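A closer look at the structure
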Amino acid sequence: MAVTIKKVTTKRELKRFIRFNYEMYKDNPYSVPDLFDDMLNTFNKKKNAAFEFCEADYFLAYKDGRPVGRVAAIINHKANRTWNKKEVRFGWIDFTDDAEVADALIQTVEQWGKERGMTHIQGPLGFTDMDAEGMLVEGFDQLGTMATIYNHPYYPQHMERMGFRKDADWVEYKIFVPDAIPEKHKRISDLIQRKYNLKIKKYTSSKKIARDYGQAIFELINEAYTPLYGYSALTQRQIDQYVKMYLPILDLRMVTLITDQDDKLVAVGISMPSLSRALQKSHGRLLPFGWYHLLKALFFKHRAPVLDLLLVAVKPEYQNKGVNALLFSDLIPVYQQLGFEYAESNPELELNGKVQAQWEYFRTEQHKRRRAFIKEIG
């Protein structure tokens with residue numbers, strides 16, 4: 001039977017689009033499902049602030065009357081202006097191991113992009129860097145994280161068959177929590193703190209950290225991440241959205257701010273307990289009992305010994321000066337106290353030496369790699 005592509009136009013179809021991934025990976029021990037309600041909001045053009053500068057459509061592939069694939073076609077106009085590109089993104093792509101299905105999905109995105117004046121197709125990418133990005137090409141036997149994509153090994157094989165080439169790679173590390181702060185690491189952090197008159201700030205109230213530094217945290221992200229692959233600066237509406245969405249659920253013991261002598265933010269490190277197993281147990285649902293698994297992972301004593309490094313950002317003029325050492329000199333005792341064995345770095349651009357240099361004093365294991373592909377639209 002031929003493959004039929006249908007554009008998602010109703011809420012019912014959107015739910016089917018989201019559930020396709022859950023059904024495809026429901027028995028996979030390494031895939032971590034997204035929260036269903038978060039996905040509904042992400043794809044909602046009224047609720048997701050990224051639609052201020054993005055446009056998108058979603059497509060389902062059918063064969064023999066059943067869904068066999070899905071893909072989102074996205075244009076981030078701000079990123080295209082920033083990088084002087086004409087690229088359409090494919091995101092949230094899943095498909096059975098069938099060349100006809102993969103071809104039909106990609107050709108749909110190509111045509112959609114071509115109609116809008118695009119010259120290249122790239123992905124998998126989301127609306128912005130705050131969405132999961134990069135197709136897994138190594139580490140298929142490793143547990144994913146809530147911030148990343150899991151996919152079968154045949155996905156990248158089909159991308160190469162269709163003529164895509166590597167555009168960028170991200171690597172991921174297990175970073176093992178040491179028994180003590182490495183001596184050289186401690187010396188650097190002490191020296192940097194004195195030299196630049198820096199202060200470590202901790203909070204116990206999400207309302208207070210949001211009031212004092214919520215805006216500054218995301219402004220710092222914009223500053224620090226601007227040179228990185230495909231980045232488009234967060235708008236004020238996005239910043240407001242993320243402050244409300246993320247700060248209230250963080251264990252603030254695992255959040256460290258570094259400020260200068262004038263209390264201006266120069267660095268931030270945000271981490272949290274891994275939610276991977278909890279999301280698997282909840283099947284991506286808060287109800288009826290998913291909330292219990294997530295709360296247990298976040299706040300109960302007996303939880304997984306794994307933490308996620310969600311975000312590390314350092315003001316450009318302080319990069320390569322050892323400020324990262326100061327962040328982790330504060331955080332490592334917290335990780336030890338809470339019983340964590342290792343951290344998941346989450347994706348770091350392969351060529352971002354500044355980020356990878358911060359792990360040189362720790363035992364690490366590079367265990368996953370993911371890739372953004374690109375090709376010219378024919």
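To keep things clear, this report deals only with the structure shown in the data block. (Residues numbered from 1 in each chain as written. Predicted model: local features only at pLDDT ≥ 70, side-chain atom pairs only at ≥ 80, totals over all residues. Heavy atoms only, no water.)

**Focus on the overall build of the protein chain**
Inclusion rule: Helix numbering and strand numbering both begin at the N terminus, where a helix is a DSSP run of H or I of at least 4 residues and a strand a DSSP run of E of at least 2. In this treatment the radius of gyration is a C-alpha quantity, and the globule benchmark scales as 2.2 Å times the residue count to the 0.38 power. Only heavy atoms matter for contacts: two residues are in contact if any of them lie within 4.5 Å across the pair.
Across its full length, the protein chain carries 12 helices and 14 strands. On C-alpha atoms alone, the protein chain measures out to a radius of gyration of 21 Å, which is about the 21 Å that the 2.2 N^0.38 rule sets for 378 residues. In terms of overall dimensions, the protein chain has a C-alpha envelope of 70 × 45 × 35 Å along the principal axes. If you take every contact in the protein chain between residues at least 6 apart in sequence, the share linking residues at least 24 apart comes to 78%.

**Examining a nonpolar patch on the surface**
What counts is decided by this rule: Only residues whose relative accessible area exceeds 30% and that form no salt bridge enter a patch; like-charged residues are grouped when within 9 Å of one another, and nonpolar side chains (Val, Leu, Ile, Met, Phe, Trp, Tyr) when within 5 Å. Residue exposure ignores everything except the shown protein chains as possible cover, and the areas themselves are Shrake-Rupley values with a 1.4 Å probe. Definition used for salt bridges: Asp or Glu carboxyl oxygen within 4 Å of a side-chain nitrogen of Lys or Arg.
On the surface, a nonpolar cluster with roughly 250 Å² of combined accessible area is contributed by Met245, Tyr246 and Ile249. Here methionine 245 shows up in helix 8 (residues 236-246).

**Some words on the side chain of aspartate 330**
Cut-off, in case you're wondering: Exposure categories follow from relative accessible area, calculated using a 1.4 Å probe and restricted to protein chains: below 20% of the type maximum is buried, above 50% is exposed, and the middle band is partly exposed. In the analysis that follows, any N or O atom pair within 3.5 Å is treated as a polar contact, provided that within protein one partner can donate a hydrogen and the other can accept it, and provided that, for residues neighboring in sequence, both atoms belong to side chains.
Mapped onto the elements of the fold, aspartate 330 is located in helix 11 (residues 323-338). We classify aspartate 330 as buried; its relative accessible area is 18%. A polar atom in the side chain of aspartate 330 sits 2.6 Å from the side chain of threonine 256.

**Looking at the layout of surface pockets**
Empty space among the atoms becomes apparent when a probe as large as a water molecule is rolled across them. Operational definition: Both cavities and pockets are sets of points on a 1 Å grid over the protein atoms alone; in a cavity a 1.4 Å probe fits but cannot get out, in a pocket the set is open with protein on both sides within 12 Å along at least five of seven lines, and lining residues sit with an atom within 4 Å of a point. Grid points are joined across faces, edges and corners, and a volume is the space filled by probe spheres set on the points. Gly is put with the polar residues, along with every residue not named as nonpolar or charged; the nonpolar set is Ala, Val, Leu, Ile, Met, Phe, Trp, Tyr, Cys and Pro, and the charged set is Asp, Glu, Lys and Arg.
Of the pockets and cavities examined, the second largest pocket occupies roughly 300 Å³. In this structure, the second largest pocket is lined by 15 residues; those nearest its centre are Leu14, Phe43, Asn44, Lys45 and Tyr58. Among the secondary structure elements, those contributing two or more residues to the lining of the second largest pocket are helix 1 (11-24), helix 2 (36-42) and strand 2 (54-63). If you tally residues by element for the lining of the second largest pocket, the top one is strand 2, at 3 residues. Partitioning the lining of the second largest pocket into residue classes produces 6 nonpolar, 4 polar and 5 charged.

**Thoughts on the environment of asparagine 320**
Looking at the secondary structure, you find asparagine 320 in the loop between strand 11 (306-314) and helix 11. For asparagine 320, a relative accessible area of 61% translates into the label exposed. As a C-alpha pair, asparagine 320 and tyrosine 150 span 170 residues in sequence and 32 Å in three-dimensional space.

**What to know about the packing of aromatic side chains**
Applicable threshold: Each pair of aromatic rings taken from Phe, Tyr and Trp, with Trp reduced to its six-membered ring, is defined by centres within 6.5 Å and is described as stacked if the planes are under 30 degrees apart, edge-to-face if over 60, and tilted in the remaining cases. Remark: a charge is flagged as sitting over a ring if the NZ atom of Lys or the CZ atom of Arg is within 6 Å of the ring centre and within 35 degrees of the ring normal.
Across all of its chains, the model carries 22 aromatic pairs by this definition. Measuring from centroid to centroid gives 5.5 Å for phenylalanine 17 and phenylalanine 43, while their planes differ by 90 degrees, and the two rings are edge-to-face. Placement of the pair is phenylalanine 17 in helix 1 and phenylalanine 43 in the loop between helix 2 and strand 2, with a sequence separation of 26 residues. Comparing phenylalanine 17 with phenylalanine 43, the two get one shared label, buried. Taking the centre distance of 5.2 Å and the plane angle of 50 degrees together, the rings of tyrosine 154 and tyrosine 155 count as tilted. The buried category is assigned to tyrosine 154, whose relative accessible area is 14%. In this structure an aromatic cluster arises from ring pairing among Phe17, Phe43, Phe51, Tyr58, Trp92 and Phe127. The lysine or arginine in question, arginine 70, covers the ring of phenylalanine 17, its NZ or CZ lying 5.0 Å from the ring centre. Positioned above the aromatic ring of phenylalanine 176, the side-chain terminus of arginine 363 is 3.9 Å from the ring centre.

**Observations regarding empty space enclosed by the protein**
In the structure shown here, the tally under the stated rule is 2 cavities of 30 Å³ or more. Of the pockets and cavities examined, the largest cavity occupies roughly 90 Å³. Surrounding the largest cavity, Ile175, Phe176, Val177, Pro178, Leu309, Phe328, Ile332, Tyr335, Ala343, Trp359 and Phe362 form its lining. No other element matches helix 11, which puts 3 residues into the lining of the largest cavity. Of the residues assigned to the lining of the largest cavity, the class counts are 11 nonpolar, no polar and no charged. Within this model, the second largest cavity holds a volume of roughly 40 Å³. Every residue lining the second largest cavity is listed: Ile18, Asn21, Tyr22, Asp34, Met39, Phe43 and Arg70. Of the residues forming the lining of the second largest cavity, the biggest block, 3 residues, is contributed by helix 1.

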